[in-house]
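Remarks on the overall topology
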Amino acid sequence: MVAGRRFPVEAAHDYCYLHPMTIKIAPSILSADFACLGEEVAAITKAGADYVHVDVMDGHFVPNLTIGPAVVAALKPHTHLPLDVHLMISALDLVPEFARAGADIITVHAEATPHLDRAVAQIKALGKKAGVSICPATHESALDYVLNEVDLVLVMTVNPGFGGQSFLKSQLPKIRALREAITRTGRDIRLEVDGGINATTAREVVAAGADMLVAGSAVFTGSRADYAKNIEVLRG
Ligand code: DX5
Ligand code: ZN
């Protein structure tokens, strides 16, 4: 038994107990009031968020259309937090534009391109943190050959496209498998989870090994005075 552990590894089910992690919260502005996005971003910054999660959708990769680089650039002065830009788009030509606009992390979907390795290299060459994401139906092995290159892995726990959907429990084994794979690399890679995160599901994904939680509807609910409480509840 390792000093300081009360239980042998086999008996412990609480992931956090064995691997203390700081849980980071990334509110998704998809659920914010689009008529005053700057104020909403300032409000979550003041409320204790760790990142600002920006959902970019193109109407092709997902059946919804949201925002582009101009909006990312407009939001930048409203927060000192890193902008975590989640690209749900099939054509990656705009990656340099998002980098110029002030994205700090740029995440692309494995399903969006046959050239995932090239996309990751491009993001890093632009001086940004590189993330890769997979949809619920995609196996974690899709990331095998890029894991050593990325800064972040994003597991979708809903089918991407819309806020306010229900969490897919089927993704929990994938989160566990990816946590193990990340540990094996020995690298500092964030394991982010996105979709249907609330106080209950936050506990489940953290127990499975996630350390960065995206939440839209669970944060942007009530008035702005509630955001700090909404964020804190997710930290468990
Ligand atoms: C879904 C987006 C998510 C979404 C999360 O395609 O990537 O970031 O806004 O929203 P909730 O937390 O409401 O499921
Ligand atoms: Zn997202």
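Bear in mind that the values here come from a model prediction, so they are computed numbers and not experimental data.

A closer look at the overall build of the protein chain
A tally of helices and strands in the protein chain yields eight helices and eight strands. Relative to the 2.2 N^0.38 estimate, which gives 18 Å for 236 residues, the radius of gyration of the protein chain is 17 Å and therefore close to what a compact globule would have. Principal-axis analysis of the C-alpha atoms gives the protein chain an extent of 55 × 45 × 30 Å. The buried share among the 236 residues of the protein chain stands at 51%.

Describing the site of ligand 1
If you check the shell around ligand 1, you find 20 residues, and the closest are Asp 55, Gly 161, Asp 194, Gly 216 and Ser 217. Here an oxygen atom of ligand 1 sits 3.4 Å away from a polar atom, N or O, in the side chain of His 86. Mapped by element, the contributors of at least two residues to the shell around ligand 1 are β2 (52-57), β3 (83-88) and β8 (212-215). Here the shell around ligand 1 is composed, by residue class, of eight nonpolar, ten polar and two charged.

Digging into the coordination of the zinc ion (ligand 2)
Around the zinc ion (ligand 2), the protein supplies His 53 (NE2), Asp 55 (OD), His 86 (ND1) and Asp 194 (OD) as donor atoms, at distances of 2.0 to 2.3 Å. In this structure, the zinc ion (ligand 2) is coordinated by six donor atoms arranged in octahedral fashion, with angles at the metal of 66 to 167 degrees. Look at where the donors of the zinc ion (ligand 2) fall in the sequence and you get H-x1-D-x30-H-x107-D. Placement of the pair is His 86 in strand β3 and Asp 194 in strand β7 (residues 190-194), with a sequence separation of 108 residues. This pair shows no difference in class: His 86 is buried, exactly as Asp 194 is.

Some details on the sheet that holds strand β5 (residues 129-134)
Ordered in space as β1-β8-β7-β6-β5-β4-β3-β2, the eight strands form an open sheet in which the pairing is parallel. Of all the strands in the sheet, the pair left with one neighbour each is β1 (24-27) and β2. Direction aside, neighbouring strands of the sheet carry axes that sit 25 degrees apart on average. As paired strands, strand β4 (residues 105-109) and β5 are joined by five bridges and run parallel to one another. Following the sheet pairing, Thr 107 is matched in β5 by Gly 131.

Describing the packing of helix α6 (residues 172-185) against helix α7 (residues 199-208)
Running from N to C, α6 and α7 point in directions that differ by 35 degrees, and their axes come no closer than 8 Å. Note on element contacts: α7 touches α6 through Glu 204, Val 205 and Ala 208, opposite Leu 172, Ile 175, Arg 176 and Arg 179. Partitioned by chemical class, the residues of the contact of α6 with α7 number four nonpolar, no polar and three charged.

Calculation rules
Residues numbered from 1 in each chain as written. Chains lettered and ligands numbered in written order. Predicted model: local features only at pLDDT ≥ 70, side-chain atom pairs only at ≥ 80, totals over all residues. Heavy atoms only, no water. Helix = DSSP H or I, 4+ residues; strand = E, 2+ residues; numbered from the N terminus. Rg over C-alpha atoms; globule rule 2.2 N^0.38 Å. Buried < 20%, exposed > 50% of the residue type's maximum accessible area, 1.4 Å probe, protein only. Near = heavy atom within 4 Å. Polar contact = N/O pair within 3.5 Å; in protein donor to acceptor, adjacent residues only side chain to side chain. Nonpolar A, V, L, I, M, F, W, Y, C, P; charged D, E, K, R; others polar. Donors = N, O, S within 2.8 Å, 3.2 Å for Na, K, Ca; no water. Tetrahedral: all angles 85-135°; square planar, octahedral: opposite > 155°, others 65-115°. Pairing = 2+ DSSP bridges. Axes fitted to C-alpha atoms, helices over the stretch in contact; angles between N-to-C directions. Contact = heavy atoms within 4.5 Å.

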